[in-house]
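Secondary and tertiary structure notes
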Amino acid sequence: MMKSAPAAMAAGGSGSLEAQFEAFSKFGDSRSDGKTITLTQSDKWMKQAKLIDGKKITTTDTGIQFNKFKSKNIDYKTFVKYLEELASVKKMDANDLKTRLVDCGLPGTSGATKAVKTGGVDRLTDTSKYTGSHKERFDASGKGKGLEGRADIADNSGYVQGYKEKDTYEKKK
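Residues numbered from 1 in each chain as written. Predicted model: local features only at pLDDT ≥ 70, side-chain atom pairs only at ≥ 80, totals over all residues. Heavy atoms only, no water.

Comments concerning the overall build of the protein
Assigned secondary structure in the protein consists of ten helices and two strands. The helix and strand sequence of the protein, counted from the amino end, reads α-α-β-α-α-β-α-α-α-α-α-α. The proportion of buried residues among the 173 residues of the protein is 26%. Counting only contacts in the protein whose residues sit at least 6 apart along the sequence, the fraction spanning at least 24 positions is 52%. (Helix = DSSP H or I, 4+ residues; strand = E, 2+ residues; numbered from the N terminus. Buried < 20%, exposed > 50% of the residue type's maximum accessible area, 1.4 Å probe, protein only. Contact = heavy atoms within 4.5 Å.)

What follows is the structure in structure tokens.
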């Protein structure tokens, strides 16, 4: 008995473009039947396949080509035409685009969203470099203390700040 294409891909084999199309058209949309795909889903797929890199192909390029079909959703046959037109406009091989889309694997967040750790961001997020009252907002491991670290909680015991003999009156009598 033959495995279905998504099951074959999950097992490590490469599936077909149509099986990938169905998987990505359902990704992020619980109401989708897998017959049509939106521009957003297509862009997610192309980013996962590392086709959209901001240089050779951008989301603007994909948006221009997608909107030529004058629909928010396109079916599989139209998607293949869309890929071929995108490849011809960007002077790329359409079969190479299709192969990379098939080989990228099932939809998911496999490294698509990572915390940025470069330049100023790394310096600004390093809590060991904080000073003054900001330093008090974090514990030794760098984890935030929440409200305890942000708020000055008043001591309503009746003694003034800095009084050294608090709670000693009864002992002196």
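Some details on the environment of Thr 78
Among the structural elements, Thr 78 can be located in helix α5 (residues 76-89). Along the backbone, Thr 78 and Thr 36 are 42 residues apart, and their C-alpha atoms lie at a distance of 9.3 Å. A polar side-chain atom of Thr 78 sits 2.4 Å from a polar atom in the side chain of Asp 75. (Polar contact = N/O pair within 3.5 Å; in protein donor to acceptor, adjacent residues only side chain to side chain.)

Notes on the nonpolar core
If you look at the biggest cluster of nonpolar residues, it comprises 23 residues, and the most contacted ones within it are Trp 45, Met 46, Phe 79 and Leu 101. Those elements giving two or more residues to this core turn out to be α2 (17-26), α3 (39-48), α5 and α6 (94-103). When residues of this core are assigned to their parent elements, the largest contribution, six residues, is made by α5. Setting aside residues no more than four positions away along its own chain, Met 46 makes contact with Leu 51, Ile 52, Thr 62, Tyr 82, Leu 83, Leu 86 and Leu 101. (Core = buried A, V, L, I, M, F, W, Y, C linked by side-chain atoms within 4.5 Å.)

Concerning the side chain of Lys 98
Among the secondary structure elements, Lys 98 is positioned in helix α6. Using a relative accessible area of 17% as the deciding quantity, one classes Lys 98 as buried. Dropping the residues within four chain positions of it, Lys 98 is found in contact with Leu 17, Val 80, Leu 83 and Glu 84.

Here we look at the packing of α5 against α6
Taken N-terminus to C-terminus, the directions of α5 and α6 make an angle of 125°; their axes are 8 Å apart at the nearest point. Relative to α6, α5 is oriented oblique. In terms of crossing hand, the pair formed by α5 and α6 is right-handed. Along its contact with α5, which presents Phe 79, Val 80, Leu 83, Glu 84 and Ala 87, the element α6 presents Ala 94, Leu 97, Lys 98 and Leu 101. (Axes fitted to C-alpha atoms, helices over the stretch in contact; angles between N-to-C directions. Parallel < 35°, antiparallel > 145°, perpendicular 65-115°, else oblique. Left-handed = near helix turned anticlockwise from the far one by under 90°.)

Things to note about the pattern of salt bridges
Applying the stated criterion to the full structure yields three salt bridges. With its nearest N and O atoms 3.3 Å apart, the salt bridge here joins Glu 22 to Lys 26. Taken together, the residues Glu 22 and Lys 26, both in helix α2 and four residues apart, mark about one turn of the helix. Looking at Lys 26, the relative accessible area reads 38%, which means it is partly exposed. (Salt bridge = Lys/Arg side-chain N within 4 Å of Asp/Glu carboxyl O.)

Quick word on the side chain of Gln 65
Tracing the backbone through its elements, the reader meets Gln 65 in helix α4 (residues 59-67). In this structure, Gln 65 is in contact with Tyr 82, Glu 85, Leu 86 and Val 89, ignoring residues within four places of it in sequence.

Structural measurements only, silent on function.
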